[in-house]
Amino acid sequence: MRTVVPRLGLIVCLCFSILCTSSGGVPADSIAKVEIRWLQSPWTLPTPLQHESTAHLAQWLRTRGIQVADKANRIFWCDVYTFDGPDSNNVVLSVGVGQTLPARVIELGKKAEVLYSSTSAKQKAALPKEGKWVRESLSEDFLYQYMQPLDHKLVIVAKSHLFERLDEIADELYQRHFRR
């Protein structure tokens, strides 16, 4: 019996070490996922250069194994502002990383229909119950738009070097916030 117990312990330790060191792939839920946003004014339309820069950043992120989604709790933003006149060969490049409000905060605001918080209690009581899911959905979308910036870079760069500089900044932010 004495020789069986040490062997059993050895087998258990071996199995445990195999489980801890074997790679079974990355679970789908643990893949980094980000949303790309613009921070430009809602009164001006994005320029073609803004679209190109955003598409470039999305492709760069995909090459690093980061999924780009329409909605994610981690956010990369990329803005390009152009100059007129003698500085028209330069652009301002703003790239950053942020996160949405915590899921619990969004959920509480959704249930409280926060978008309708300025509505009086009397008016709120008169709202149709069938529209509750719409009010909750609008409140959730409203809260989701808030972002806490975590890190960013703002530089002036020549248009001819825009994508190179964008790659450098994206790599800096990736190394600090996504590299495990």
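Residues numbered from 1 in each chain as written. Predicted model: local features only at pLDDT ≥ 70, side-chain atom pairs only at ≥ 80, totals over all residues. Heavy atoms only, no water.

### Re the pattern of salt bridges
Then, number 1: Within the structure shown, the criterion is met by nine salt bridges.
Then, number 2: When the shortest N-O distance is used, the salt bridge between Lys-71 and Asp-141 registers 3.6 Å. Taken together, the residues Lys-71 in the loop between β2 (67-68) and β3 (74-82) and Asp-141 in helix α5 (residues 132-144) connect sequence positions 70 residues apart.
Then, number 3: Residue classification places Lys-71 among the partly exposed residues on the basis of a relative accessible area of 41%.
Then, number 4: Classification of Asp-141 as partly exposed rests on a relative accessible area of 36%.
Then, number 5: The partner of Asp-151 in a salt bridge is Arg-176, and the shortest N-O contact between them spans 2.7 Å. Taken together, the residues Asp-151 in strand β5 (residues 147-158) and Arg-176 in helix α6 (residues 162-177) connect sequence positions 25 residues apart.
Then, number 6: Judged by its relative accessible area of 17%, Asp-151 falls in the buried class.
Then, number 7: Residue classification places Arg-176 among the partly exposed positions, given a relative accessible area of 47%.
Then, number 8: Salt bridges here are not isolated pairs; linked through shared partners, they connect Glu-113, Lys-132, Arg-135 and Glu-136. (Salt bridge = Lys/Arg side-chain N within 4 Å of Asp/Glu carboxyl O. Helix = DSSP H or I, 4+ residues; strand = E, 2+ residues; numbered from the N terminus. Buried < 20%, exposed > 50% of the residue type's maximum accessible area, 1.4 Å probe, protein only.)

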